[in-house]
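# A structural walkthrough
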Amino acid sequence: MDSTDLKILKHLNRDSRIKKNKLAELVNLTPPAVASRLEQLEDEKIIRKYTIEVNLEKLGYTHQVFIQTKMGYRSNKKYLNFIHSKQNSIRHHYKISGQMNYMIHGAFRSNSELDDFLIELGQYANYQVLNVISELI
């Protein structure tokens, strides 16, 4: 991977739907050269997928939170089964280091929906909720 590949990734990160012709112009290559580099980046699993960023508030998900969870004596398997059953509310789920075991990035339509989730989560793990006030970047 060279500096041109990094430039390609930078532009794709900003807009994954950018046209190859426009991308080629931005990185000073021909469209076939860009296509070849993209194929190589995909084959090497550097580019794993192309995705979109959704405005959750416009979809009614006004409550975004990060929830750190910790397993004590509770079953990790039951916790993970619960997480998989709640994928509509969970945007990302990470295994983390430190005092907590996992980090959930969740999105909920209301405080009561979040509260219901937390009540059920409490059956499987101890947790700490961090409320998202605004997105800065």
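Residues numbered from 1 in each chain as written. Predicted model: local features only at pLDDT ≥ 70, side-chain atom pairs only at ≥ 80, totals over all residues. Heavy atoms only, no water.

Pairing analysis gives seven bridges linking strand 1 (residues 63-70) to strand 3 (residues 102-108), with the strands arranged antiparallel. If you follow Val65 over to strand 3, its bridge partner there is Gly106. (Pairing = 2+ DSSP bridges. Helix = DSSP H or I, 4+ residues; strand = E, 2+ residues; numbered from the N terminus.)

On to the nonpolar core, then. Side chains that are nonpolar tend, in soluble globular proteins, to be buried together. With 16 residues, the main nonpolar core has Ile67, Tyr79, Ile104, Phe117 and Leu121 as its most contacted residues. Secondary structure elements with two or more residues in this core: strand 1, helix 4 (76-85), strand 3 and helix 5 (111-121). The dominant element in this core, judged by the number of residues it contributes, is helix 5, at four residues. Not counting chain neighbours up to four residues away, the residues in contact with Ile67 comprise Tyr102, Met103, Ile104, Phe117, Leu118, Leu121, Tyr127, Gln128 and Val129. Ala24, Leu38, Leu41 and Ile47 belong to the second largest nonpolar core, which has 10 residues in total. (Core = buried A, V, L, I, M, F, W, Y, C linked by side-chain atoms within 4.5 Å. Buried < 20%, exposed > 50% of the residue type's maximum accessible area, 1.4 Å probe, protein only. Contact = heavy atoms within 4.5 Å.)

Structurally, His63 is set in strand 1. The spatial distance from the C-alpha of His63 to the C-alpha of Asn131 is 7.8 Å, given a sequence separation of 68 residues. Residues within four places of His63 in sequence aside, it is in contact with Gly106, Ala107, Phe108, Arg109, Ser110 and Asn111. In terms of polar contacts, His63 uses its side chain to reach the side chain of Thr62, at 2.8 Å. Among the polar contacts made by the side chain of His63, one reaches the side chain of Asn111 at a distance of 3.1 Å. (Polar contact = N/O pair within 3.5 Å; in protein donor to acceptor, adjacent residues only side chain to side chain.)

What follows covers a nonpolar patch on the surface. A cluster of nonpolar side chains, contributed by Met1, Leu6 and Ile46, occupies part of the molecular surface with about 310 Å² of accessible area. Mapped onto the elements, Ile46 comes out in the loop between helix 3 (31-43) and strand 1. Among the residues examined, Ile46 registers a relative accessible area of 37% and is labelled partly exposed. (Patch = residues over 30% accessible without salt bridge, like charges linked within 9 Å, V, L, I, M, F, W, Y side chains within 5 Å. Areas by Shrake-Rupley, 256 points an atom, 1.4 Å probe, with all protein chains shown as cover. Salt bridge = Lys/Arg side-chain N within 4 Å of Asp/Glu carboxyl O.)

Turning next to a negative patch on the surface. On the surface, Glu39, Glu42, Asp43 and Glu44 cluster together into a patch of negative charge. For Asp43, a relative accessible area of 56% puts it in the exposed group. (Lys, Arg positive; Asp, Glu negative; His and termini not counted. Charge placed at Lys NZ, Arg CZ, Asp CG, Glu CD.)

Inspection of the secondary structure puts Leu114 in helix 5. Relative accessible area serves as the criterion here: at 10%, Leu114 is assigned to the buried category. Put simply, Leu114 and Thr62 are 52 residues apart on the chain and 11 Å apart in space, counted from C-alpha to C-alpha. Residues in contact with Leu114, not counting those within four places in the same chain, are Val65 and Phe108.

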